[in-house]
Amino acid sequence: MCIRDSMLIKLSREKARKEKISKPMKNESIQKIFKILRKKNPEPKTDLNYKSKFQLLIAVILSAQATDKSVNAATKILFRDAKSPKEILNLGVKKLSSYIKTIGLYNAKAKHVIRTCEILLNKYGGRVPGNIDDLQSLPGVGRKTANVVLNNAFGQPTIGVDTHVFRVSNRLGIAPGKDVLTVEKKLIKNVPDEFKMHAHHWLILHGRYTCVARNPKCNDCDLTQFCKYRVKKTKKVKCSSL
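Just so we're clear, the structure is a prediction, and the values are computed from it rather than from any experiment.

J.: Would you mind showing me how to read the overall build of the chain here?
T.: Tallying secondary structure elements over the chain gives 12 helices and 0 strands in all. Taken from the N to the C terminus, the helices and strands of the chain come in the order α-α-α-α-α-α-α-α-α-α-α-α. Counting every position in the chain, which comprises 242 residues, the buried fraction comes to 48%. Sequence-distant contacts in the chain: of pairs separated by 6 or more residues, those separated by 24 or more amount to 65%. As displayed, the chain offers around 13000 Å² of accessible surface, 52% of which is attributable to carbon and sulfur atoms.

Following this line, the structure appears as structure tokens:
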């Protein structure tokens, strides 16, 4: 299991204990929610910068517990000097670490990236595999990372569940669950096919900028009419003011 996935599982369990899980939402409401999100942003894209499937894979590995902005700053120089598995492998762990030292957990990530490059060259001819099992066999790649790569690089309608997607899915009731895998499976089942391709991005953006972990911006949210979390929060405030 990679760093990102193990931490996600721990965080999701902690958050599930703190916030009561909403009841499942009706399909009609889920359809309306994604229509609203699509209207606001018809073609959402990852904020990570990359020019190949391999570069995306490396960027997503590096993004664990780091901001996309910090990853882009590091990979801008890294990918200028080393664009392929062979070129990054030739850097070695120590030299690669110097490129990514501004990113959290950079020593562990450097080792994962170097080992991943070795496997890509020896087992896959230098190409990034296009299925979730092979991707998850790579060091530093968990289920969420694999889903992000499959969605963005291969055009597959996968839905990677990070902390933002987990939080929004539970608060709205789109895919309630106590762990990331349960939420992912429910999202695949509940999200209409026409929205699956971009569902991951829409939910991340909503969680990152509106439905934030602390003090969610309910007054600025376009989805309040569907939100069970806001109803609970409002009732709690009213009761505490008596």
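J.: Looking at this structure, how should I read the pattern of salt bridges?
T.: Oppositely charged side chains may form a pair once their charged atoms are brought near each other. All chains considered together, the criterion is met by 9 salt bridges. Between Glu 28 and Lys 32 there is a salt bridge, with its nearest N and O atoms 3.5 Å apart. Of this pair, Glu 28 and Lys 32 both sit in helix α2 (residues 27-40), separated by 4 residues, roughly a single helical turn. Since its relative accessible area comes to 55%, Glu 28 is described here as exposed. Connected through shared salt-bridge partners, Asp 47, Asp 68 and Arg 208 make up one network.

J.: What is the right way to read the nonpolar core from this model?
T.: Leu 78, Ile 88 and Leu 96 are the most contacted members of the largest nonpolar core, which totals 36 residues. For this core, the secondary-structure elements that each account for two or more residues are α3 (53-62), α4 (68-81), α5 (85-100), α6 (106-123) and α8 (143-154). Among the elements that make up this core, the one with the highest residue count is α3 (8 residues). Dropping the residues within four chain positions of it, Ile 88 is found in contact with Phe 54, Ile 58, Leu 78, Phe 79, Ala 82, Leu 96, Val 113, Ile 114 and Cys 117.

J.: What should I look at first to understand the packing of α3 against α8 in this one?
T.: Axis angle and axis distance: for two packed helices, these are the angle between their axes and the distance between the axes, and together they describe the pair. Where α3 contacts α8, the axes come no closer than 10 Å and their chain directions differ by 150 degrees. Taken together, the axes of α3 and α8 are roughly antiparallel relative to one another. With respect to the hand of their crossing, α3 and α8 are arranged in right-handed fashion. Between α3 and α8, the contacting residues are Lys 53, Leu 56, Leu 57, Val 60 and Ile 61 on the first element and Thr 145, Val 148, Val 149, Asn 152, Ala 153 and Phe 154 on the second.

J.: I keep staring at the environment of Asn 147 and nothing clicks. Help me out?
T.: Looking at where Asn 147 falls in the secondary structure, it is placed in helix α8. In this structure, Asn 147 is in contact with Ile 132, Thr 158, Ile 159, Gly 160 and Glu 184, ignoring residues within four places of it in sequence. Polar side-chain contacts of Asn 147 include one of 3.3 Å to the side chain of Glu 184.

J.: I keep staring at unusual backbone geometry and nothing clicks. Help me out?
T.: Negative phi values dominate among residues other than glycine, just as trans dominates among peptide bonds. Here the phi dihedral of Leu 105 falls at roughly 60 degrees; this positive angle occurs in a residue that is not glycine. Of note, Leu 105 is situated in the loop between α5 and α6. We classify Leu 105 as partly exposed; its relative accessible area is 43%. One non-glycine residue, Asn 215, adopts positive backbone phi at about 50 degrees. Given a relative accessible area of 66%, Asn 215 falls into the exposed group.

Criteria and cut-off values
Residues numbered from 1 in each chain as written. Predicted model: local features only at pLDDT ≥ 70, side-chain atom pairs only at ≥ 80, totals over all residues. Heavy atoms only, no water. Helix = DSSP H or I, 4+ residues; strand = E, 2+ residues; numbered from the N terminus. Buried < 20%, exposed > 50% of the residue type's maximum accessible area, 1.4 Å probe, protein only. Contact = heavy atoms within 4.5 Å. Areas by Shrake-Rupley, 256 points an atom, 1.4 Å probe, with all protein chains shown as cover. Salt bridge = Lys/Arg side-chain N within 4 Å of Asp/Glu carboxyl O. Core = buried A, V, L, I, M, F, W, Y, C linked by side-chain atoms within 4.5 Å. Axes fitted to C-alpha atoms, helices over the stretch in contact; angles between N-to-C directions. Parallel < 35°, antiparallel > 145°, perpendicular 65-115°, else oblique. Left-handed = near helix turned anticlockwise from the far one by under 90°. Polar contact = N/O pair within 3.5 Å; in protein donor to acceptor, adjacent residues only side chain to side chain.

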